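Architecture at a glance
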Amino acid sequence: MVDEGPRPPHPSQAQGGTRDGAGQAAVLSGVALVTGASTGIGRHLAEGLAARGMAVAGLARSEDRLRTAMDEVAAATGGRTLAVAADVTDRALVEEAVGLVREELGPIDLLINNAGLIDEFEVPVWEADPDQWWDVVSSHVRGALLTVRTVVPWMVLRNRGRIVNIASGMGTRGAPDYSAYSVAKTGLMRLTESLAGALEGSDVRAFDVAPGVVDTPMTRSMHMWEGFEDWTPPERVVELVAAIAAGELDQWAGRFVRAGRDDLDVLRATTPQDDARQLRLQPYGDADPVA
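Report follows, based on the coordinates.

1. Comments concerning the packing of aromatic side chains
- Scanning all chains against the criterion turns up one aromatic pair.
- Ring geometry for tryptophan 133 against tryptophan 134: centres 6.4 Å apart, planes inclined by 15°, an arrangement best described as stacked.
- Classification of tryptophan 133 by relative accessible area gives buried; the value is 19%.
- Tryptophan 134 gets classed as exposed once you look at its relative accessible area, which sits at 53%.
- A cation over an aromatic ring shows up here: arginine 102 above the ring of tryptophan 154, its NZ or CZ 3.7 Å from the ring centre.

This is how it looks when you write it as structure tokens:
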């Protein structure tokens, strides 16, 4: 993927504090870092978290569009925002971007790995362009790995933090026409589970959040959703992530939750058991030797 690299943010990029009467009551605090924040689900999350009282840093490759988006979020919510342009698959740029966020806004309390590409064409895997296919996988998996390794050590030192990886139902099954995206989201779910296991016993937790089918430019570009109208309201995604940020769903760490289908009150009241909502082989029967 081509990236122009980030420019250091000007002081004016860090917007002012939350104003009284802005949209929703400020029920959260701290700093959120949202990747892929210039459009789509990431843009909705940035605004929803800012409206709830968080300072929000947005990260994306397109600097102009990202700056515009973060300025709009600040204007709509009165929240503090920061735009930091970077390619999430570039280790040096991610480290620089996270350093800028910590310098301008403070330590990161909530990391949302939302950035990622989609297969360019709906074709069987053997017809896919291997470079574009791998770019898709890398954008989701390498991108999340690099932000995790840069942000999470500081969370561990503070014993405070939440990580949300934006998952997909396509990660739970094979998708013949979107093989790269399916592989990427499956890998991301495995990363979440590994991360959650390594963090066990701390107050740092990782989650998979599937947003459902939200009406975004990316979704509109996918032929499989032509004519689709049963969109997941983006507010449901924001509500779910906000509940995680507030520590209300800690028992779901390392597991898959789905906006628009899961009822928040039910999630709050439920402690999942065994391998519920995790990727596992299904046994063929009682005698299956690998069950």
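So that's the structure; there's more coming.
2. Points about the packing of helix H1 (residues 40–51) against helix H7 (residues 234–245)
- Orientation of H1 relative to H7, taken along the N-to-C sense of each, is 55°, at an axis distance of 9 Å. As the angle between them shows, H1 and H7 are arranged oblique. For the crossing formed where H1 meets H7, the hand is right-handed. Judged by residue contacts, Ile41, His44, Leu45, Gly48 and Leu49 of H1 engage Pro234, Val237, Val238 and Val241 from H7.
- Tallied by class, the residues present in the contact of H1 with H7 amount to seven nonpolar, two polar and no charged.

3. Topic: the sheet that holds strand S5 (residues 161–166)
- Judged by pairing direction, the sheet is parallel, and its seven strands sit side by side in the order S3-S2-S1-S4-S5-S6-S7 without closing on themselves. Each edge of the open sheet is held by one strand with a lone partner, namely strand S3 (81–85) and strand S7 (256–258). With direction set aside, neighbouring strand axes in the sheet form an average angle of 20°.
- Sheet topology places strand S1 (residues 31–35) next to strand S2 (residues 55–60); five bridges connect them, and they run parallel.

Reading the values: rules and limits
Residues numbered from 1 in each chain as written. Predicted model: local features only at pLDDT ≥ 70, side-chain atom pairs only at ≥ 80, totals over all residues. Heavy atoms only, no water. Phe/Tyr/Trp six-rings, centres within 6.5 Å; stacked < 30°, edge-to-face > 60°. Buried < 20%, exposed > 50% of the residue type's maximum accessible area, 1.4 Å probe, protein only. Lys NZ or Arg CZ within 6 Å of the ring centre and 35° of its normal. Axes fitted to C-alpha atoms, helices over the stretch in contact; angles between N-to-C directions. Helix = DSSP H or I, 4+ residues; strand = E, 2+ residues; numbered from the N terminus. Parallel < 35°, antiparallel > 145°, perpendicular 65-115°, else oblique. Left-handed = near helix turned anticlockwise from the far one by under 90°. Contact = heavy atoms within 4.5 Å. Nonpolar A, V, L, I, M, F, W, Y, C, P; charged D, E, K, R; others polar. Pairing = 2+ DSSP bridges.

Don't take any of this as a statement about function, it's just geometry.
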